[in-house]
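The residues making up each chain are set out below.
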Amino acid sequence: MDAMLVTGGAGFIGSNFVRYTLKHHPETQVVVLDALTYAGNLANIDDCAGTDRFRFVQGDIRDRDTVDDAMRGVDTVVNFAAESHVDRSILDPSSFIETNYNGVYVLLEAARHLEVKRFLQVSTDEVYGHVPAGFSVESDAFAPRSPYAASKAAADLLVQSYFTTYGMPVLITRGGNTVGPYQYPEKVLPLFITNALEYKPLPVYGDGSAVRSYLYVEDHCSAIDRVLRSGEAGNAYNVGTNREVNGRDLAARILEILDRPAGLREFVPDRSGHDLRYALDCGRIQALGWRPSLDFDALLDRTVRWYVDHPQWWREIRNESGFRSYYKKQYDERYQT
Ligand code: NAD
Ligand code: DAU
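A few points on the structure. On a predicted model such as this, the values are computed, not experimentally measured, just so you know.

**Concerning the site of ligand 1**
For step 1, the next point in the chain: Residues in contact with ligand 1 amount to 29 residues; listed here are only the nearest, Ile 13, Asp 34, Ser 84, Tyr 148 and Lys 152.
For step 2, the next point in the chain: Contacts to ligand 1 include Leu 36, whose backbone N or O atom sits 3.5 Å from an oxygen atom.
For step 3, the next point in the chain: Separating a nitrogen atom of ligand 1 from a side-chain N or O atom of Thr 99 is a distance of 3.0 Å.
For step 4, the next point in the chain: When ligand 1 is considered free in solution it has 830 Å² of accessible area, and contact with the protein chains removes 96% of it.
For step 5, the next point in the chain: Taken together, the elements giving at least two residues each to the shell around ligand 1 come down to helix H1 (12-24), strand S5 (118-124) and helix H5 (147-166).

**Some remarks on the side chain of Asp 34**
For step 1, the next point in the chain: Here Asp 34 is to be found in strand S2 (residues 28-34).
For step 2, the next point in the chain: Buried charge without a salt bridge: Asp 34, with Arg 62 as the nearest opposite-charge side chain at an N-O distance of 11 Å.
For step 3, the next point in the chain: A polar atom in the side chain of Asp 34 sits 3.4 Å from the backbone nitrogen of Gly 9.
For step 4, the next point in the chain: Excluding residues within four positions of it along the chain, Asp 34 makes contact with Gly 8, Gly 9, Ala 10, Gly 11, Gly 40, Phe 56, Val 57, Gln 58 and Gly 59.

**Some thoughts on the packing of aromatic side chains**
For step 1, the next point in the chain: Taken as a whole and judged by the stated rule, the model has 14 aromatic pairs.
For step 2, the next point in the chain: Aromatic side chains Tyr 38 and Tyr 184 sit 5.0 Å apart centroid to centroid with 85° between the ring planes, which places their arrangement in the edge-to-face category. Here Tyr 38 is found in the loop between S2 and strand S3 (54-58), whereas its partner Tyr 184 is found in the loop between strand S7 (178-179) and helix H6 (188-197), with 146 residues between them in sequence.
For step 3, the next point in the chain: In this structure Tyr 184 comes out as buried when scored by relative accessible area, which is 7%.
For step 4, the next point in the chain: Their ring planes at 85° and their centres at 6.3 Å tell us that Phe 96 and Tyr 148 sit as a pair that is edge-to-face. Taken together, the positions of Phe 96 in helix H4 (residues 94-113) and Tyr 148 in helix H5 put the pair 52 residues apart, joining distant regions of the chain. Like Phe 96, the residue Tyr 148 is buried in the burial classification.
For step 5, the next point in the chain: An aromatic cluster of at least three residues, connected via ring pairs, comprises Tyr 38, Tyr 184, Phe 323, Tyr 326 and Tyr 327.
For step 6, the next point in the chain: Across the ring face of Tyr 38, the terminal group of Arg 88 is positioned such that the distance to the ring centre comes to 3.7 Å.
For step 7, the next point in the chain: One cation-aromatic arrangement involves Arg 284 over Tyr 237; the distance from NZ or CZ to the ring centre is 5.9 Å.

**With respect to the packing of helix H2 (residues 64-71) against H4**
For step 1, the next point in the chain: Two numbers describe how H2 lies on H4: the axes approach to 10 Å, and their chain directions differ by 45°. Regarding the angle of H2 to H4, the classification is oblique. Crossing of H2 against H4: the hand is right-handed. Seen from H2, the contacting residues are Arg 64, Val 67, Asp 68 and Met 71; seen from H4, they are Val 106, Leu 107, Glu 109, Ala 110, Ala 111 and His 113.

**Side note on the site of ligand 2**
For step 1, the next point in the chain: With respect to spatial proximity, 23 residues lie near ligand 2, and among them Thr 124, Asp 125, Tyr 148, Arg 212 and Arg 271 are the closest.
For step 2, the next point in the chain: Pro 203 places a main-chain nitrogen or oxygen 2.7 Å from a nitrogen atom of ligand 2.
For step 3, the next point in the chain: If you list the elements that add at least two residues to the shell around ligand 2, you get helix H3 (86-91), H6 and strand S8 (202-205).
For step 4, the next point in the chain: Grouping the constituent residues of the shell around ligand 2 by class yields 9 nonpolar, 7 polar and 7 charged.

Thresholds, definitions, all that
Residues numbered from 1 in each chain as written. Chains lettered and ligands numbered in written order. Predicted model: local features only at pLDDT ≥ 70, side-chain atom pairs only at ≥ 80, totals over all residues. Heavy atoms only, no water. Near = heavy atom within 4 Å. Polar contact = N/O pair within 3.5 Å; in protein donor to acceptor, adjacent residues only side chain to side chain. Areas by Shrake-Rupley, 256 points an atom, 1.4 Å probe, with all protein chains shown as cover. Helix = DSSP H or I, 4+ residues; strand = E, 2+ residues; numbered from the N terminus. Buried < 20%, exposed > 50% of the residue type's maximum accessible area, 1.4 Å probe, protein only. Lys, Arg positive; Asp, Glu negative; His and termini not counted. Salt bridge = Lys/Arg side-chain N within 4 Å of Asp/Glu carboxyl O. Contact = heavy atoms within 4.5 Å. Phe/Tyr/Trp six-rings, centres within 6.5 Å; stacked < 30°, edge-to-face > 60°. Lys NZ or Arg CZ within 6 Å of the ring centre and 35° of its normal. Axes fitted to C-alpha atoms, helices over the stretch in contact; angles between N-to-C directions. Parallel < 35°, antiparallel > 145°, perpendicular 65-115°, else oblique. Left-handed = near helix turned anticlockwise from the far one by under 90°. Nonpolar A, V, L, I, M, F, W, Y, C, P; charged D, E, K, R; others polar.

Without other data, these values stay purely geometric and don't point to any function.
Dropping the structure here:
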């Protein structure tokens, strides 16, 4: 039996990855370390608690003693723990620098001293910055434009330095915009779906021309799994799809699928420094045999259906005072500038 530490495993992608690993790798024991910030939720992993191959530890990746305790005896570490929402990083970058950079440093130091066999850092296509044309390859220069993206880019550089300097067996995945079950409803797709379900306006930033290529969360998990098991140490791997969808059309499609009035689509002041396009060349991970299993129409249908079928999960979050005060603060600032 091998043991894996999944940091940030109570968040969106992390919880899906834990479920994926327990299902596909019966020989693997999973320890989740998660601070349970506003984005962490034990309800995301409550179905995993029934197996003795799963253990949950509440703790912060910035705390070396906690990290050492959780990491001792594990073979692999997969780090999902992060502050992940661009708009929050614009409001206040501090926790992004703390967790996304300093937290990764603590994890790397612990992994180095405990001689972990594989360390995978879950990163993002946002490190390449806004890409007006063409496709990013892994060797491209970084050009992050939000505090979130800059904190992730800085972490990638630090992770790569541990390979070069200490020969640590590190890997990096740079995923695209991921959607699916258990995504906190501040991100565009779950926000639009849950607003539509409640007959509230869908706030499209600017003129709605910014595009994203959406990736289903299970496909993101299978890519991380593939890189973990077959990737070359020291390498980064882009993970994404190439069907570009803009915010205008995304809102219209959701209203259509849920049979809500088209007039619920509302244009609001743009995100500051909004990246208008990301685009990934995924040739390197495709060479490992990975392909996404769902196209845009299928992933949209499946995601909408999950939120329709799990109202209790998202209503509890949307009713929290923290969720409501974040929105108020964001729009107060945005309409002022
Ligand atoms: P999320 O915000 O849903 O989850 C983050 C998790 O990390 C939460 O459970 C939270 O409690 C935990 N966490 C935060 N700070 C912590 C700390 N200091 N110590 C311990 N735990 C802490 O995020 P997500 O969308 O699942 O993203 C996971 C990772 O994937 C992030 O690193 C993000 O940068 C990356 N990523 C996300 C996407 C996407 O579209 N969501 C795409 C590419 C890459
Ligand atoms: O590309 C990978 C990244 O995808 C991850 O690294 C981030 O963690 C994740 O949050 C996501 O970042 P984005 O900024 O692309 O996602 P978000 O859902 O915030 O926005 C997607 C697009 O939708 C973007 O063009 C902004 C727009 N948008 C977003 C929100 C929240 C709106 O038009 N209205 C909204 O209310």
